[in-house]
Amino acid sequence: MKKTLIYLVIGLLIVVNIVLLFRLQKTKTLTERVSDQYAKMSIEEVRNSTKLARNMLLQHMAENVTLPIVKSLNPYSGDTILLSDILKQEENTLCFRIKETHCDACVQHGLRLLKQVSEEPGSNIVVLCGFMNTRQFVAFSKAQNKRLSVYNVTRIAWEVDEFDEPYFFVVSKDGKVHNLFVPLKEDERLTERYMHGVQQKYWEEKVNCNH
């Protein structure tokens with residue numbers, strides 16, 4: 001009887017140990033998973049902070065400088081057009097620079113915002129594409145909102161154009177660059193806030209003045 005009881009106790013202890021070992025392993029796996037997630041989040045946060053610092057520097061460097069000479073090729077006539085001749089001298093113009101190598105989700109989000117804003121009174125928007133293939137540019141151009149002026153530009157001679165990311169900037173009536181902004185794909189709300197700010201600063205002010 002005593003032996004049976006001892007065996008039962010030993011068996012129970014073995015079962016308890018197995019359960020504890022299983023739970024310990026599960027906790028260890030969960031801890032490692034949380035640790036990995038935290039490490040990834042930390043790396044992502046550092047990466048985003050680095051991007052934001054870089055973007056702020058680019059914005060400051062480009063603020064109030066004269067727009068570089070930007071050439072656009074007319075796909076229909078083959079003529080070269082200067083962007084400075086295209087822009088309406090009496091209006092501020094929001095430009096969106098995109099290339100075929102840019103993040104598609106970032107480009108589409110930017111275009112959706114532009115299409116919404118283009119319906120607002122006083123808006124003046126130009127999309128500067130970077131398509132190597134003329135047919136792709138023509139197809140892209142035809143698919144856009146008619147209120148968006150679309151041009152194909154191979155290169156803009158300033159530092160921000162060397163990064164493989166879309167960006168916005170405003171060209172004022174006197175041909176100066178203002179409010180350069182490089183969106184973070186991890187934070188689309190930041191782009192929405194930028195767009196709202198540009199709308200208030202340039203277009204709502206114009207509408208109010210006209211009234």
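Look up a bit, the structure's there.
Residues numbered from 1 in each chain as written. Predicted model: local features only at pLDDT ≥ 70, side-chain atom pairs only at ≥ 80, totals over all residues. Heavy atoms only, no water.

## Focus: the sheet that holds strand 7 (residues 177-181)
Within a sheet, adjacent strands bond to each other through the backbone by hydrogen bonds, running parallel or antiparallel. Spatially, 5-4-3-6-7 is the arrangement adopted by the five strands of the open sheet, whose pairing is mixed. Edge positions in the sheet fall to strand 5 (148-152) and strand 7, since each has one partner strand and no second. Taken pair by pair, the neighbouring strands of this sheet meet at an average axis angle of 20°, ignoring direction. Judged from the four bridges that link them, strand 3 (residues 93-97) and strand 4 (residues 125-129) form a sheet pairing that is parallel. Note that in strand 4 the partner of phenylalanine 96 across the bridge is valine 127. Helix 4 (residues 134-142) contacts strand 4 and strand 5 of the sheet and is inclined by roughly 175° relative to strand 5. (Pairing = 2+ DSSP bridges. Helix = DSSP H or I, 4+ residues; strand = E, 2+ residues; numbered from the N terminus. Axes fitted to C-alpha atoms, helices over the stretch in contact; angles between N-to-C directions. Contact = heavy atoms within 4.5 Å.)

## So, the pattern of salt bridges
In this structure the tally under the stated criterion is four salt bridges. Arginine 54 serves as the salt-bridge partner of glutamate 165, at 3.0 Å between the closest nitrogen and oxygen. Of the two residues, glutamate 165 is situated in the loop between strand 5 and strand 6 (167-171) and arginine 54 in helix 1 (residues 2-62); the sequence distance between them amounts to 111 residues. Of the charged contacts, one joins lysine 99 and aspartate 161 as a salt bridge, the two residues approaching to 3.5 Å between their closest N and O atoms. With lysine 99 in the loop between strand 3 and helix 3 (104-118) and aspartate 161 in the loop between strand 5 and strand 6, this residue pair connects regions lying 62 residues apart in the sequence. Taken together, the shared-partner salt bridges in this structure form one network comprising Arg97, Lys99 and Asp161. (Salt bridge = Lys/Arg side-chain N within 4 Å of Asp/Glu carboxyl O.)

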